[in-house]
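Coordinate analysis (summary)
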Amino acid sequence: MTLSRINLIVAASALALTTACAGTGGPNDNQNTRQGAAIGAGLGALLGAATGDTKRERRQQAVIGAALGAGIGGAIGSNLDKQEEELRQALGGNVGIVNNGNNLTVTLPQDILFATNSTTVSGGAQSNLFTLANSLQRYPNTTVNVIGHTDNVGDAAFNFDLSQRRAQSVTSILINAGVSPARIRSVGRGEDAPVATNLTPEGRQQNRRVEVVITPS
């Protein structure tokens, strides 16, 4: 087998990682590790087999592709599962965590982060952010988007600006706690991406939040 063919198999197997971790959220049972490995192996085998000229060579390359794909997909799924479990134990029930197999979304309610119309993170919430920063440093091969959201009460332009400044406040704490600025981006969404109705106090409370989206890189 030529070096160029091996490189093609590696590239094909690496392509598998884009879909190798299609799991579901909620408390995990290592399903993302297993599913990532399985999907990665399947795609790696298919793509590896496609590079062969003879039947024997296609079989050999399918085996290599499957092994590479399983390793890539399983490693990413395993890291997401481990980080999710650690964060659930460390952050407790006030912080929402969703693992969809492609990324982790850590949701911090703005009512525990900030006082009304303030962009100063409360002392209690800073402890959670330090915990999150420690986790991000233990899993360095990820990118991080910090996204601020508001409800629809008040002027939309004010809400957008407030969401940006609050996202930046959270980002600054994570960076000051040791997270590399090159990994992290701050985004304000204002009232544009509600997760609940804005017609009730309970719904508006859910919409006032900062999401930290952790994505394998």
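Quick summary incoming for the structure in this document.

Pairing is mixed across the open sheet formed by five strands, whose spatial order is β1-β2-β5-β3-β4. Pairing within the sheet leaves two strands with one partner each, and these edge strands are β1 (96-99) and β4 (184-188). Between one strand axis and the next, the sheet turns by 15° as a mean value, whatever way the strands run. Pairing of β1 with strand β2 (residues 104-109), which is carried by four bridges, proceeds in the antiparallel orientation. Looking at the pairing, Val 98 lines up with Thr 105 of β2. Each of β2, β3 (142-149) and β5 (209-216) is contacted by helix α5 (residues 123-138), which is oriented at about 10° to β5, the strand it contacts most. Along the sheet face, helix α6 (residues 156-176) touches β3, β4 and β5 and points at about 160° away from the line of β4.

What follows deals with the environment of Gly 96. The residue Gly 96 is located in strand β1 in this model. On the basis of relative accessibility, which here comes to 31%, the residue Gly 96 falls in the partly exposed class. Each C-alpha atom of the pair Gly 96 and Glu 211 lies 9.1 Å from the other, and the pair is 115 residues apart in sequence. When neighbours within four sequence positions are excluded, Gly 96 is seen to be in contact with Thr 105, Val 106 and Thr 107.

This part covers α5. With 16 residues, α5 ought to run about 22 Å at 1.5 Å a step, and its terminal C-alpha atoms sit 23 Å apart, in line with that. For α5, the set of buried residues is Ala 125, Asn 128, Leu 129, Leu 132, Ala 133, Ser 135 and Leu 136. The arc enclosing the buried residues of α5, seen along the axis, measures out at 160°, which places them on a common side. Opposite the buried face of α5, at more than 90 degrees from it, the exposed residues are Gly 123, Gly 124 and Arg 138.

The next subject is the environment of Ser 169. Checked against the element boundaries, Ser 169 lands in helix α6. Sequence spacing of Ser 169 and Thr 119 is 50 residues, and the spatial spacing of their C-alpha atoms is 6.6 Å. Not counting residues up to four positions away in its chain, the partners in contact with Ser 169 are Phe 114, Thr 119 and Val 121. Separated by 2.7 Å, the side chain of Ser 169 and the backbone oxygen of Thr 119 make a polar contact.

Volume-wise, the largest pocket comes out at about 260 Å³. Lining of the largest pocket is provided by 17 residues; of these, Thr 116, Asn 117, Asp 151, Arg 166 and Arg 208 occupy positions nearest its centre. Broken down by element, the lining of the largest pocket gets its largest block of residues, four residues, from α6. When its residues are assigned to classes, the lining of the largest pocket shows five nonpolar, six polar and six charged.

Parameters at a glance
- Residues numbered from 1 in each chain as written.
- Predicted model: local features only at pLDDT ≥ 70, side-chain atom pairs only at ≥ 80, totals over all residues.
- Heavy atoms only, no water.
- Pairing = 2+ DSSP bridges.
- Helix = DSSP H or I, 4+ residues; strand = E, 2+ residues; numbered from the N terminus.
- Axes fitted to C-alpha atoms, helices over the stretch in contact; angles between N-to-C directions.
- Contact = heavy atoms within 4.5 Å.
- Buried < 20%, exposed > 50% of the residue type's maximum accessible area, 1.4 Å probe, protein only.
- Expected span 1.5 Å × (residues − 1).
- Arc of directions from axis to C-beta.
- Polar contact = N/O pair within 3.5 Å; in protein donor to acceptor, adjacent residues only side chain to side chain.
- 1 Å grid on protein atoms, 1.4 Å probe; cavity = no way out; pocket = protein on both sides within 12 Å on 5 of 7 lines; lining within 4 Å.
- Points joined across faces, edges and corners; volume = space filled by probe spheres on them.
- Nonpolar A, V, L, I, M, F, W, Y, C, P; charged D, E, K, R; others polar.

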